[in-house]
Amino acid sequence: MDDEHDFRRLAMTVLMTPDMANFSGRVHGGSNFKLLDQVAYACAARYSGSYVVTMSVDQVVFHQPVHVGELVTFLASVNFTGNSSMEVGIRVTAEHIQGRSERHVMTCYFTMVAVDEHGKPHRAPAFVPATPIEQRRWKAAQLRREFRREIEQRSLDIRLHPDELVAEQHDARDDPC
């Protein structure tokens, strides 16, 4: 892997075993989430060449349940880099081994931060998208980043000023214009 782009992507396949099952016999969402975090870590750490930590997780969407006995493949890529942060997008498919059928079961986005030996953020290698798919993912990642910041600000406002916000909503509903 001498090409930088190869270090941006990671594929990991795991057999879903009975110890991962919930009470309904399907793979527990927490088991899937743990694997997602491991994949995001491995992808970002390999790309940045440093230790990374999880900063945020966006849009974990479970499209379909995962069943014990299926092969689950996690396809990860670094879609965007900031100064020390990297967005890792993960697409997850499940394969029914005997039926030889595959389905898209999950999608999510992790923001990982490169840190030094003291746990302080440090510069991640810049990624410049070259292909149309990379450019689309880069732009979408920028929009998700902006949206995350809006949500953070709105959450802070809700924590600090809930009475004022409820009053504003009530006033807005009462205003006929």
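We now turn to the structure provided with this report. Just so we're clear, the structure is a prediction, and the values are computed from it rather than from any experiment.

Quick notes on the rules
- Residue positions are counted from 1 within each chain, in the order its sequence is given.
- In view of the model being predicted, local features appear only for residues whose pLDDT reaches at least 70, and side-chain atom pairs are presented and counted only at 80 or more, with totals across whole chains, interfaces and linings using the full set of residues.
- As a rule here, side-chain values come from all non-hydrogen atoms in the structure, and water together with hydrogens is ignored.
- Put simply, DSSP marks the helices as runs of H or I at least four residues long and the strands as runs of E at least two long, and each gets a number from the N terminus on.
- By definition in these notes, contact holds between two residues if any of their heavy atoms fall within 4.5 Å.
- Take the residue count of a helix, subtract one, and multiply by 1.5 Å to get its expected span.
- The classification of residues rests on relative accessible area computed with a 1.4 Å probe and restricted to protein chains. Under 20% of the type maximum is buried, over 50% is exposed, and intermediate values are partly exposed.
- A pair of strands is considered paired only if DSSP assigns at least 2 bridges between the two.
- Lines fitted to C-alpha atoms define the axes, with helix axes restricted to the stretch in contact, and inter-axis angles between N-to-C directions lie between 0 and 180 degrees.

Brief notes about the environment of F80
Summarising the element assignment, F80 is placed in strand 3 (residues 71-81). With sequence-adjacent residues up to four places away left out, F80 is seen in contact with S85, M86, E87, F127, W138, A141, Q142 and R145.

A word on helix 2 (residues 132-160)
Here helix 2 is 29 residues long and its end C-alpha atoms lie 42 Å apart, about the 42 Å a rise of 1.5 Å per residue gives. Buried within helix 2 are the following residues: E134, W138, A141, R144 and R148. Where helix 2 is buried, its residues contact strand 1 (9-15), strand 2 (51-62), strand 3, strand 4 (85-96) and strand 5 (101-115).

Quick notes on the sheet that holds strand 2
Taken in spatial order, the five strands line up as 1-3-4-5-2 in an open sheet, and their pairing is antiparallel. Bordering the open sheet on either side are strand 1 and strand 2, each of which pairs with just one other strand. With direction set aside, neighbouring strand axes in the sheet form an average angle of 25 degrees. Judged from the seven bridges that link them, strand 1 and strand 3 form a sheet pairing that is antiparallel.

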